[in-house]
Number of protein chains: 2
Amino acid sequence: MSNFAGTLLGNDPVERFLHRLSLFEPLDAEARDAVRRSINRGPLIPPLQELQPDALQDVSVLLSGWICHFRLLGNGRRQITTLVVPGDFVDFGFLVGTVSSLQCVTTAHSQIGRIRTRAFGKLALQFPALLRASQRAAAVDAAIGRERIISLGVRTAAERLASILCELWFRLSAIGLTSAEGSYDLPMTQAELGAAVGLSTVHVNRTLQSLRRTGAISLQSGKVWIRDLEKLTALAGFDPAYLSLQA
Amino acid sequence: MSNFAGTLLGNDPVERFLHRLSLFEPLDAEARDAVRRSINRGPLIPPLQELQPDALQDVSVLLSGWICHFRLLGNGRRQITTLVVPGDFVDFGFLVGTVSSLQCVTTAHSQIGRIRTRAFGKLALQFPALLRASQRAAAVDAAIGRERIISLGVRTAAERLASILCELWFRLSAIGLTSAEGSYDLPMTQAELGAAVGLSTVHVNRTLQSLRRTGAISLQSGKVWIRDLEKLTALAGFDPAYLSLQA
DNA sequence: ACGGCTCATTAACCCAAGTTAGGGGCAAGC
DNA sequence: GCTTGCCCCTAACTTGGGTTAATGAGCCGT
């Protein structure tokens, strides 16, 4: 799967985005062209840069890099609520005409593509499939959120980490960002992973060690190798259906 | 606020639903009438009845009662992902044309109202405000989900329970289901509460005791009394903004 | 009135995960 | 070449919350 998407996509991030959208709802050549013309490629943003809310006025798409939505609590604790990978909308506020109040940070060099809200509105009228695809994307985002709730609520540390690694494997595969050898780049520190799965940095480390020892994965300098996907999904109790990548 | 909504609403559940929708987006008299005519009141469903997915083919609204979405894991652990209160859509699959795969149970005698998907589609075209209101409802549902992620990820047991009690206070106030004396019905056992906030039954009990001792709340036979809302929101670090009930 | 149920409650004990406190590798800047 | 600063990693200790188990209150249905 990753090979297929990888070779097919080349490495133009806008094409990746179109490919991702098409998985939600097929888009004809005309609609794709309209998107290509309407999208503005933003500047390269360095890692650990917080995005200002007004930067999300438009319809924003992550073209490359990595973004996390998070919330900082009074006591200094931080929870990452959403991981945005290339090809994803950064925020779905545009669907309901509100700007989200969530905080966003990049964790890697990132590039955002924008379509002016006004322009997107016109596209949505002209190409209903585009609107449907965006709405499906929002629905899948919600499904991912529910899955995170389940992880945080009833899964053990090992299950949570295995889950999120599985989830990312499938999400990144869909956009050709996994290698044929079974690896992908994960530009998050263990502390950030912990903030996403609700574990302390130390325990993330402990648990990753034990996942490595089972032979399901290995890690090296920001790269995750899925050594045994079967074992990993079994360990996590993971079922990729909620990502609706089959279409 | 509860008084206002309460007296204004009377107790017709369809009016409650319309009131709730209007908080998302104002609906004119014509749109309201169209909804009144299109909605079919279902039978009364007893507590602890699981809803079959096909029962959610249509646009389903909880008219009265209480519904939980949950997921059962292999090891017998259960996580409740969403609490549906009267006036809420039971599921948002209709917005994207998919039937959700989530399991649902009633925890109280409940009545569901349905609008045939086809009929809703026509209404949506005729009354764009109705569609926008539904989409906003979905967005708020997602925001509630994010808040749950934050609770499960970084809040202590006391904060989680305080949070959810605050959330319900505000949600129920908006539909006139809180009393002027500061109470509301919470038709969930402590075990179910635990499944919602990711705590064991025993620890829910312990923590509720301590919340009672602070004087912020009291509990009695399925009724929650908010004795000191200020204290409770402070304890939870709760900010009702995400529910967007101000409009 | 009597079992039998579910639910709230409490106590005693246990463990998964948090906390604190390092050590070591590596890259960036001086 | 040296410092500074992350980040990964590990060990030792602590703790919030889970587990087990038992009691009692209320609510049926007979």
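For every chain, the first residue of its written sequence is number 1, and the numbers climb from 1 along that sequence. Whichever chain is written first is A, and whichever ligand is written first is 1; the rest continue in order. Residues qualify for local features only when their pLDDT is at least 70, as the model is predicted, and side-chain atom pairs are given and counted only at 80 or more; totals for whole chains, interfaces and linings, by contrast, use all residues. To obtain the side-chain values, all non-hydrogen atoms of the structure were used and water was disregarded.

Under an unreviewed UniProt entry, chain A has the name Crp/Fnr family transcriptional regulator and belongs to Devosia aurantiaca.

> Would you take a moment to explain the overall build of chain A for this structure?
Assigned secondary structure in chain A consists of nine helices and 10 strands. Note on method: radius of gyration uses C-alpha positions; expected globular size equals 2.2 Å times residues raised to 0.38. Taken over C-alpha atoms, the radius of gyration comes to 18 Å for chain A, in line with the 18 Å a tight globule of 247 residues would show. Relative accessibility thresholds used throughout: buried, under 20% of the residue-type maximum; exposed, over 50%; partly exposed, between the two (1.4 Å probe, protein chains only). Burial statistics for chain A: of 247 residues in total, 57% are counted as buried. Contact definition: two residues touch when any of their heavy atoms are within 4.5 Å. Summarising the internal contacts of chain A: among those between residues at least 6 apart in sequence, 73% fall at separations of at least 24. In short, Shrake-Rupley with a 1.4 Å probe defines the accessible areas, and a residue's cover is counted only from the protein chains shown. Of the accessible surface of chain A, which amounts to about 10,500 Å², a share of 53% is contributed by carbon and sulfur atoms. Separation of charge centres in chain A, based on 26 positive and 21 negative side chains, amounts to 4 Å. Runs of H or I in DSSP of at least four residues are treated as helices and runs of E of at least two as strands, each being numbered from the N terminus. Neither His nor the chain termini are counted; the positive set is Lys and Arg, and the negative set is Asp and Glu. Charged groups are reduced to one reference atom each: NZ for lysine, CZ for arginine, CG for aspartic acid, CD for glutamic acid.

> Would you take a moment to explain the UniProt feature "domain: HTH crp-type" (unreviewed entry) in chain A for this structure?
UniProt positions are given in the numbering used here, feature names are shortened, and annotations may be inferred rather than shown by experiment. According to UniProt, the positions carrying the feature "domain: HTH crp-type" (unreviewed entry) are residues 155-230 of chain A. Span residues 155-230 of chain A is 55% helix and 14% strand, its end C-alpha atoms 18 Å apart.

> Help me understand the protein's contact with DNA strand C, please; the structure alone is not making it clear to me.
As a matter of local geometry, DNA strand C sits amid 16 residues, with A:Ser200, A:Arg206, B:Gln190, B:Asn205 and B:Arg212 nearest to it. The rule for a residue being near a molecule or strand is that one of its heavy atoms must lie within 4 Å of it. Here DNA strand C approaches the protein such that, of its atoms within 4 Å, sugar and phosphate make up 66%. N or O atoms within 3.5 Å of each other form a polar contact, as long as, within protein, one can give a hydrogen and the other can take it, and as long as residues adjacent in sequence are counted only when both atoms are side-chain atoms. A distance of 2.8 Å separates a base nitrogen of DNA strand C from a polar atom in the side chain of A:Arg206. One of the side-chain N or O atoms of B:Gln190 is found 2.8 Å from a phosphate oxygen in DNA strand C. A total of five residues in the surface near DNA strand C trace back to one element, the largest contributor, which is helix H8 (residues 201-214) of chain B.

> Quick question: what am I supposed to make of the layout of surface pockets here?
A cavity here means a set of 1 Å grid points, computed over protein atoms only, where a 1.4 Å probe fits but cannot escape. A pocket is an open set with protein on both sides within 12 Å along at least 5 of 7 lines, and lining residues have an atom within 4 Å of a point. Grid points are joined across faces, edges and corners, and a volume is the space filled by probe spheres set on the points. Within this model, the second largest pocket holds a volume of roughly 1,200 Å³. Breaking the lining of the second largest pocket down by element, the ones donating at least two residues are helix H4 (117-126) and helix H5 (128-154) of chain A together with helix H4 (117-126) and helix H5 (128-154) of chain B. Among the residues making up the lining of the second largest pocket, the classes are represented as 18 nonpolar, 13 polar and six charged. Residues are sorted three ways: Asp, Glu, Lys and Arg are charged, Ala, Val, Leu, Ile, Met, Phe, Trp, Tyr, Cys and Pro are nonpolar, and all the rest, Gly among them, are polar.

> What is the right way to look at empty space enclosed by the protein in this model?
A water-sized probe, rolled over the atoms, reveals where empty space remains. Evaluated as defined, the whole model comprises three cavities of 30 Å³ or more. Quantified by volume, the largest cavity comes out at close to 220 Å³. If you go around the largest cavity, you meet 16 residues; those closest to its centre are A:Ala142, A:Gly145, A:Arg146, B:Ala142 and B:Gly145. Breaking the lining of the largest cavity down by element, the ones donating at least two residues are strand E5 (78-84) and H5 of chain A together with strand E5 (78-84) and H5 of chain B. For the lining of the largest cavity, the class distribution of residues is six nonpolar, six polar and four charged.

> Help me understand the side chain of A:Glu167 in this model?
All names here are of chain A. Locating Glu167 in the fold gives a position in helix H6 (residues 157-174). Among the residues examined, Glu167 registers a relative accessible area of 1% and is labelled buried. When residues no more than four places from it in sequence are discounted, the contact partners of Glu167 are Ile144, Arg148, Phe238, Tyr242 and Leu243.

> What is the right way to read the domain arrangement of chain A from this model?
Frequently, the measure chosen for interface size is the accessible area that the parts lose on association. Residues and elements named next belong to chain A. Residue ranges for the domains trace back to a domain assignment, done automatically or taken from a database. On domain assignment, one finds that chain A holds domain 1 (2-142) and domain 2 (149-243). Look at where the C-alpha atoms of domain 1 and domain 2 centre, and you get two points 23 Å apart. Each partner contributes residues to the interface: domain 1 has 23 residues there, and domain 2 has 23 residues. Here the quantity called buried area is the accessible surface, traced with a 1.4 Å probe, that two parts lose on coming together, added over both. Overall, the association of domain 1 and domain 2 removes approximately 1,800 Å² of surface from exposure, summing both partners, and the carbon and sulfur fraction of that is 64%. By convention in these notes, a salt bridge is any Lys or Arg side-chain nitrogen within 4 Å of a carboxyl oxygen on Asp or Glu. Viewed at the interface, domain 2 and domain 1 are joined by one salt bridge. With a closest N to O distance of 2.7 Å, Asp88 and Arg171 form a salt bridge. Among the secondary structure elements, those contributing two or more residues to the side of domain 1 that touches domain 2 are helix H1 (2-9), helix H2 (13-24) and E5. For the side of domain 1 that touches domain 2, the per-class residue count stands at 13 nonpolar, six polar and four charged.

> Would you take a moment to explain the sheet that holds strand E3 (residues 59-64) of chain B for this structure?
The strands making up a sheet are joined through hydrogen bonds of the backbone, oriented either antiparallel or parallel. All names here are of chain B. Across the sheet, three strands lie side by side as E1-E7-E3; this open sheet has antiparallel pairing. Of all the strands in the sheet, the pair left with one neighbour each is strand E1 (40-45) and E3. When the angles between neighbouring strand axes are averaged without regard to direction, this sheet yields 30°. The pairing of E1 with strand E7 (residues 110-115) spans four bridges and is antiparallel. Across the sheet, Ile45 pairs through a bridge with Ser110, a residue of E7. Each of E1, E3 and E7 is contacted by helix H2 (residues 13-24), which is oriented at about 115° to E3, the strand it contacts most. The rule for pairing is simple: two strands pair if DSSP sees at least two bridges between them. In this description, a line fitted to the C-alpha atoms serves as the axis of each element, helices being fitted only across the stretch in contact, and the angle between N-to-C directions of two axes falls anywhere from 0 to 180 degrees.

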